[in-house]
Amino acid sequence: MADQAEKLRQLALNLKKQAEAELREKDPRFNRTRVIAVTSGKGGVGKTNFTINLALTLTKLGKKVLVFDADLGLANVDVVLGVTPKYTLYNLIKDEMNIKDIITTGPGGLGIIAGGSGIQELANISRKKLNTFIKSLQELEGMADILLIDTGAGLNRNVLAFVQAADEVIVVCTPEPTSITDAYGLIKALHSKKPDARISLVVNRVENMEEGKNTANKLTMVSQRFLKLNLEQLGFIWDDLHVSKAVKYQEPFVLKYPNCLASTCMKGIADKLLTGQDTQKPPGGVKSFFNKIIGFFS
């Protein structure tokens, strides 16, 4: 049964790859990097851990992935990976370094870009530095298939700027009532500012399948009823002890414990994310994303 499911999964991915290749041949805009923001209504739901493990799972599936740490409060990407970036976006802006120079290489060829204080500098960037900055960022289009933005949590201006600028948004929540309420608040705020936003949902730390489905269905139904928004359910992740163990080792759980329940869930989410890519609308790309960000911060 498991072998049959794996064969069907591989068949779906192969068909998807074939469709993507045809799209790129017909329309070069589909060669742009797919920008996906990962966010949450409140902190402490495992958003950053999810982002890193999703990124690594996508690299295992053959995608070139970059993670941009845009959390101004607590930059935890380096903690989860056990890797400390030497340079940040600040160095790119102030020192006019090349984009390749500030990318830290993680496991499996994963690229990490630390935002740091460079995000705030976007508000005061000069025209000359802006042109250099945008020109440097254009190189990312060929470097990555997917750029994952790890935003902060909540409804502050910085978070809303990043989620509005992205092609797609993944909202992470847990089954706790406060997390569900805050997640809906974020979804409502984003939808009001960007009605055509493509928003997906991941429920983290579920104790059983029923809890995961019920939590996702609650948010899906309330979004449909009050916002007329079709929220996509990407899946859920079990409350697996291997996740906290991996954090203590400062290693992603999909690498430390590749066969645990949480890793299996992550694989399913990554598959669904890839097979569910919009084939009607090409990605905006990295240049478009950062142009929007600069506009928000200016």
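Engineer: Which residues make up the overall build of the protein chain, and what values go with them?
Structural biologist: The secondary structure content of the protein chain amounts to 14 helices and 8 strands. Counting only residues that meet the buried cut, the protein chain has 51% of its 298 residues in that class. Just so you have it, the protein chain exposes about 14100 Å², and 52% of that area is on carbon and sulfur atoms.

Engineer: Could you give an account of the sheet that holds strand E7 (residues 198-206), naming the residues involved and the relevant values?
Structural biologist: Within the open sheet, the 8 strands sit side by side as E3-E4-E2-E5-E1-E6-E7-E8. Their pairing is mixed. A single partner strand is all that each edge strand has here, and the edge strands are strand E3 (104-105) and strand E8 (232-238). Sheet strands in contact with helix H2 (residues 47-60) are strand E1 (34-40), strand E2 (65-69), strand E5 (146-153), strand E6 (168-173), E7 and E8, and its direction is about 175 degrees off that of E5. Together, E1, E6 and E7 form the strand contacts of helix H9 (residues 177-193), whose direction differs from that of E6 by roughly 165 degrees.

Engineer: Let's hear about the pairing of E2: which residues, and what values?
Structural biologist: Burial within E2 is extensive, with 5 of its 5 residues counted as buried. With 5 bridges connecting them, E2 and E5 associate as parallel partners. Among the inter-strand pairings, phenylalanine 68 is bridged to a residue of E5, identified as isoleucine 149.

Reading the values: the criteria
Residues numbered from 1 in each chain as written. Predicted model: local features only at pLDDT ≥ 70, side-chain atom pairs only at ≥ 80, totals over all residues. Heavy atoms only, no water. Helix = DSSP H or I, 4+ residues; strand = E, 2+ residues; numbered from the N terminus. Buried < 20%, exposed > 50% of the residue type's maximum accessible area, 1.4 Å probe, protein only. Areas by Shrake-Rupley, 256 points an atom, 1.4 Å probe, with all protein chains shown as cover. Pairing = 2+ DSSP bridges. Contact = heavy atoms within 4.5 Å. Axes fitted to C-alpha atoms, helices over the stretch in contact; angles between N-to-C directions.

Read these as geometric descriptors, not functional statements.
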